[in-house]
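# Architecture and fold: a report
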Amino acid sequence: MKRTILLNPGPVTLTERVRNALLKPDLCHREPEFAELILDIKRQLLQVYPESVADYDAIVLTGSGTCAVEAMLSSLVPKTGKALIVSNGVYGERMAAMLQVQGKSFQTIASAWHEPIDLEAVNQYLAQNPATSHVISVHHETTTGRLNDIAGLGKLCAHYQIPLLLDAVSSFAAEFIRFAEWNIEACAGTANKCLHGVPGLSFVLVKKSVFAQRPSAATSVYLDLYPYHREQQQGFSPFTQAVQIAYALQEALLEFFQAGGWQARHELYVNRAQLIRQELYRLGIEMLLNEADYSTTLTSFKLPDYTSYEQIYAVLKKQGFIIYAGQGGLKNKIFRIANMGDIQADEMENLLDCFNKLFA
Ligand SMILES: *Cc1c(COP(=O)(O)O)cnc(C)c1O
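A brief look at the structure comes next. (Residues numbered from 1 in each chain as written. Predicted model: local features only at pLDDT ≥ 70, side-chain atom pairs only at ≥ 80, totals over all residues. Heavy atoms only, no water.)

## Some words on the pairing of strand 4 (residues 106–110)
Of the strand pairs in this sheet, strand 3 (residues 83–87) and strand 4 are connected by 5 bridges, and their pairing is parallel. Paired with Val86 across the strands is Ile109, a residue of strand 4. Read from strand 3 through helix 4 (residues 90–101) to strand 4, the crossover connection turns out right-handed. (Pairing = 2+ DSSP bridges. Helix = DSSP H or I, 4+ residues; strand = E, 2+ residues; numbered from the N terminus. Right-handed = clockwise from strand over helix to strand, strands pointing away.)

Right, here's the structure in full:
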């Protein structure tokens, strides 16, 4: 049977190798074998960006990417103090909603969803507010596909010596991340996007020194990174972990390194994205952003006036491809195509054929 290819921004189409890893023997999360599995995953996660190995610890959580982001903000953003959220999409706004719920004080510098983050405004704000506790932003804003200028933002964070908390959920393992240069205190990622694992585990890379320097700011028992950090030194976790999904993540990481690491994944995605963008361009479908502004993982296209999202979605679904709608105000304006996961060359060709049937 023809398999379904997921072109939504996570979860992704699995390789058989990763899927089969789900079928390993049952294991209690209090057993030494599970601790070894988690220690191996933590070690491999840091190896994705070797620069992070010396100064960061990986903390593995059971939950989707949002879980890692919320645990990061809950545990690290102080209850007294003021953070700055730099946002231009759904995921930046979601982090503001989290701090709101946590009762923490913050300022937002928001740009329109189709605009870049406003570094000039950030520069001015930080010059006037040197006591800002953290700068918080999204690396790849999946709302539009824009890869935000976190190099520029990170440079400001380094200049003003303000730690950066980064939602790297849809960029981790496929885009360039500089930990020291960008003054990253922590970044959040997930198993089931660029790492090609199964949904259900996520992780935060946190600067080790943080745990010694200040107490947890957690507003949640379950999402407190501090006990996780303490117990995962030995590979154990305070609560039951998604054991089978951990097996699959370990396998996905092995596969990732065997394929050449993040640079190879970046190249793979660039090639796929180019095929998709070029074919749709040829068929008169415009991109929402300038091509240079996109990440390698997802592209947003303007809906042509002669058809609807529902129609495009339905035709592609029938052919075995799942695409994604726009969110909020972009709902009836764009469609999005992610290119993560296991997609074979003939499946890419089928996709381009479908585009031709839809838009020619
Ligand atoms: C996918 C994603 C998340 C997490 O979403 P979940 O549904 O919890 O997996 C967070 N931030 C960004 C930028 C994302 O793309």
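## With respect to the packing of helix 11 (residues 309–318) against helix 12 (residues 345–359)
It is the contact of helix 11 with helix 12, at a shortest axis distance of 10 Å, that shows an interaxial angle of 140 degrees. One finds that helix 11 runs oblique with respect to helix 12. Judged by the sense of rotation from one axis to the other, the crossing of helix 11 with helix 12 is right-handed. For the pair helix 11 and helix 12, the contacting residues are Ile312, Val315 and Leu316 in the first and Leu351, Cys354, Phe355, Leu358 and Phe359 in the second. In the contact of helix 11 with helix 12, the residues fall into 8 nonpolar, no polar and no charged. (Axes fitted to C-alpha atoms, helices over the stretch in contact; angles between N-to-C directions. Parallel < 35°, antiparallel > 145°, perpendicular 65-115°, else oblique. Left-handed = near helix turned anticlockwise from the far one by under 90°. Contact = heavy atoms within 4.5 Å. Nonpolar A, V, L, I, M, F, W, Y, C, P; charged D, E, K, R; others polar.)

## Observations concerning the sheet that holds strand 4
Strand order across the open sheet formed by 7 strands is 2-10-9-8-5-3-4, with mixed pairing between neighbours. Each of the sheet's edge strands pairs with one partner strand only, and the pair in question is strand 2 (56–62) and strand 4. Put simply, the sheet's adjacent strands are angled 20 degrees from each other on average, direction ignored. Direction of pairing for strand 3 relative to strand 5 (residues 135–138): parallel, over a ladder of 3 bridges. What sits directly across from Val86, in strand 5, is Ser137. Sheet strands touched by helix 8 (residues 225–232): strand 2 and strand 10 (201–207). Its angle to strand 2, the strand with the most contacts, is close to 110 degrees.

## Here's the deal with the layout of surface pockets
Approximately 300 Å³ is the volume attributed to the largest pocket. Taken together, 19 residues form the lining of the largest pocket, with Thr66, Tyr91, Arg94, Val169 and Lys193 sitting closest to its centre. Of the residues forming the lining of the largest pocket, the biggest block, 4 residues, is contributed by helix 4. Taken together, the residues of the lining of the largest pocket sort by class into 8 nonpolar, 8 polar and 3 charged. Estimated volume of the second largest pocket: approximately 160 Å³. (1 Å grid on protein atoms, 1.4 Å probe; cavity = no way out; pocket = protein on both sides within 12 Å on 5 of 7 lines; lining within 4 Å. Points joined across faces, edges and corners; volume = space filled by probe spheres on them.)

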